[in-house]
Structure formats: structure tokens, C-alpha cells
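Structural characterization, general
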Amino acid sequence: MKFHYYLLINQAAGSGSGKKVADKIIPLFAEKNLTYSVYYSKWKGHDAQIAEELAEDTLKEWTEETREQEAPFPLLVIVGGDGTLHQVLNTFHQLKVNFPVAYIPAGSGNDFARGIGLSRNAVKALENVLAATEPQEINLLSYEEKISDRQGVVVNNFGIGLDAAIVHATNHSNAKTQLNKYKLGSLSYIFSILRVFFVQKGFPILVETSGKQVSLEKAFLCTATNHPYFGGGVAIAPTADIAKPTIDFVVVERINLFKILWIALLLTQKKQLHSKNFHHFTTSKLRIVSTTSQYGQEDGEDTEKQPFDLQLSTKKQLFWCNLTL
Ligand SMILES: Nc1ncnc2c1ncn2[C@@H]1O[C@H](COP(=O)(O)OP(=O)(O)OP(=O)(O)O)[C@@H](O)[C@H]1O
């Protein structure tokens, strides 16, 4: 199968890793005599704009017909972090199109790459892409939030409560910009955890999974995910599997500091399911209702405080990569 590769690059991802990764992989396309075009995202939101333009006049869905007739097949290769992937796939979702994509991780967290088992080394990830003969089917989470009337997809997770408050504090702090300059972006998360941990209160939620309803009085951290990782490598839902059309939902209750630290210790050993204050659901459909206003986060992009009536299901996405290498 012959391809024309459309490289959409966020050079700012991973505090500049995007640029380094691009400088490393673009010459490899030329060396391998592959045909390609390069698009640089030059400002926040430009990645979505480029994706929209390519969706309108260049990219094709993967069907029996296009795979035979389109030679070369136009394949979008996204180079950036989880947020770049989020922007592009949400653009496609809003346009109601479903194109296969390839991905080279260049972010700081790279949870998605971890979640699908794609190498976080850019050159190896490119080998994963070039060695594929068929696209892999993976499951994103698609959501509908009734109160703000928003819908979209997430490539990693949707969080309400503590994780979202941490993301909000980090994304809106001046320290992040300064620390990023010195490649110390993860330190800004630590500052934010210390800032919001004691401020975030427990809040009531209603959880509806396929055929079951549960009320929790003091939810603290609520995260719906399609693979194990969040927060840059924390295996919050170790049994989640992106190949399965299921949602894993994790709730940690507001408990005393010692119990939270105990759960944090269990997390490092992937044994958190042993704690009775750590709730875990696996379901094909999920509804979460919070009547109190809370921060939300979607793949590390934060939303302002609001009440939630959130419905989640899974959505198939074709990914061009060979994960057996
Ligand atoms: N040239 C640019 N300058 C600044 N921001 C950009 C640029 N191009 C895209 N963006 C924005 O950057 C955000 C995505 O960054 P991304 O998540 O990929 O990197 P990261 O935060 O370093 O990685 P990770 O999410 O893996 O930690 C998106 O909101 C996107 O619109």
C-alpha cells in the first residue's frame, strides 16, 4: 500500500519536544523515499484548524473502495502530545468524519502512547507506523454533557473533581510557563497538587452503569478512562484495555490524609483495587451526575466549574500502527 503522509506537527508540545521530534523524523521520511507534506501548528488551536482544512479537501475514510482506489492513500500523522491528538480527533468528531490516523508522541505526559503500547521513542514509533499493513481499531470515549450542551471525544480520560482541579490550577499558573522553560513542567503539577488537595471537598455523585445505579456521598477524584494511564504514567485503572469497547470509571472518596496516602502507595503497586475507598466500574455506557459545580478535565484540557450530567460511551477509531514490533 502506498501512502502520502501528511505530518501535522505541534512543535510546542512537551515544552519543545515537538520540534526535536520533528527534526528527527522528517529526514527519515526523505531517506526512505516516502512522499510527505509538513504542516506546523503555529498557535493554540491552529492544529484543529489544519485538521479541519485537511478533512475538507485531502483526507479519506478507510473503506474497501478507498484502500484500492486511493494510491497513494492520504494518511495523517499527528506529531505532538495527548492534547494535540485530542484537538485533531475532536475536530473530526465535530465534522462527523472518521479518518485513520497515525501518531508520533512528543508530549510531556504521553499517556495515550502508554495506553496503546506505542513506543514513546519517536523513531521507534515511526517504525511502528511504517511497519503496519492494516489499521488497528481502538476505542476512544465519546461524551455528551447535557448541562453545558457539549459533546466530544477523549483519547485518554475525562475527570471531574481533584484531577480536574489540579489540571486547572496548573494550566492557569504562571509557574508552569516559567518551569516549562527549564523542562521542569512536572514540578508545576506537584505545586498544584499541594495547592488544591486541601481545598477540594468531597461532593455527591450519581453513577449509572449499564443497568446499575450507585450514589456516592463524598466523591473526591472521578475519572473515566479507556486505558490504564493518567497524569503522565499513573496506572489508575490497571485492567482497562483500549482494544475493548468499555469504559473504566474510578472514584476515590474524600477520606483522611493517611488513607489517601495509603491509596497513593497502593497505586504505585497497582493494588489500589484492594482499598474499599477506591471504587472501580467497567461498563459500556456510563452516566455521571454531579449537582454541585466542579472542575472538569478532558485529556488535560480543563473546563471551568460547573454541575455535570455526563454520558459516556465508546467510539471506534482506526490507528495506523503495528504494535507487535
Ligand atoms: N504552536 C503552538 N503553540 C502553543 N500551543 C499550541 C501550538 N500548537 C498547538 N498548540 C496547543 O497545544 C495543546 C496541546 O499540547 P500537547 O498536549 O500536545 O502537549 P503537552 O501538553 O506538552 O503534552 P501532554 O498532553 O502529552 O502532556 C493544544 O491545546 C494545542 O491547540
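It should be emphasised that the depicted structure is a prediction, and the values quoted were computed from it without experimental measurement. (Residues numbered from 1 in each chain as written. Predicted model: local features only at pLDDT ≥ 70, side-chain atom pairs only at ≥ 80, totals over all residues. Heavy atoms only, no water.)

**What to know about the side chain of His 4**
With respect to the secondary-structure elements, His 4 resides in strand E1 (residues 3–9). At 2.7 Å, the side chain of His 4 and the side chain of Ser 37 are in polar contact. Beyond its immediate stretch of four places on either side in the chain, His 4 contacts Thr 35, Tyr 36, Ser 37, Pro 72, Phe 73, Pro 74 and Leu 75. (Helix = DSSP H or I, 4+ residues; strand = E, 2+ residues; numbered from the N terminus. Polar contact = N/O pair within 3.5 Å; in protein donor to acceptor, adjacent residues only side chain to side chain. Contact = heavy atoms within 4.5 Å.)

**Description of the site of the ligand**
In the neighbourhood of the ligand, 21 residues make up the surrounding shell, with Gly 14, Ser 41, Gly 81, Thr 84 and Ser 108 lying closest. At 2.8 Å from an oxygen atom of the ligand is found a main-chain nitrogen or oxygen belonging to Gly 81. For the shell around the ligand, the elements supplying multiple residues, two or more each, are helix H1 (13–31) and helix H4 (82–95). Considered class by class, the residues forming the shell around the ligand number 3 nonpolar, 13 polar and 5 charged. (Near = heavy atom within 4 Å. Nonpolar A, V, L, I, M, F, W, Y, C, P; charged D, E, K, R; others polar.)

**Observations concerning the pairing of strand E6 (residues 150–154)**
Bridge count between strand E5 (residues 136–145) and E6: 5 bridges; the pairing is antiparallel. Bridge pairing links Tyr 143 to Gly 152 in E6. If you look at the hairpin formed by E5 and E6, you'll find 4 residues sitting between the two strands, and Asp 149 has a positive phi there, around 55 degrees. (Pairing = 2+ DSSP bridges.)

**Observations regarding H4**
Taking 1.5 Å of rise per residue, 14 residues should cover 20 Å, and H4 covers 20 Å from first to last C-alpha, within 8% of that figure. The buried fraction of H4 is high, at 10 of 14 residues. Burial in H4 covers these residues: Asp 82, Thr 84, Leu 85, His 86, Val 88, Leu 89, Asn 90, Thr 91, Phe 92 and His 93. Of the residues flanking the end of H4, it is Lys 96, one or two places downstream, whose phi is positive at about 60 degrees. (Expected span 1.5 Å × (residues − 1). Buried < 20%, exposed > 50% of the residue type's maximum accessible area, 1.4 Å probe, protein only.)

**Here we look at the domain arrangement of the protein chain**
Each domain of the protein chain was delimited in the assignment, giving domain 1 (3–134) and domain 2 (143–317). With 23 residues of domain 1 at the contact, the number on the domain 2 side is 21 residues. Its largest share of buried area at the contact with domain 2, domain 1 owes to His 86, His 93 and Asp 111, together 30% of the area lost on that side. In this structure, Lys 44 and Glu 301 form a salt bridge, with 3.9 Å as the shortest nitrogen-oxygen distance. In this structure, the connection of domain 1 to domain 2 is made through 12 residue pairs in polar contact (both at pLDDT 80 or more). At the level of secondary structure, the elements contributing two or more residues to the side of domain 1 that touches domain 2 comprise H1, H4 and helix H5 (111–116). Looking at the side of domain 1 that touches domain 2, its residues break down into 7 nonpolar, 11 polar and 5 charged. (Domains from an automatic or database assignment. Buried area = accessible area lost by both parts, 1.4 Å probe. Salt bridge = Lys/Arg side-chain N within 4 Å of Asp/Glu carboxyl O.)

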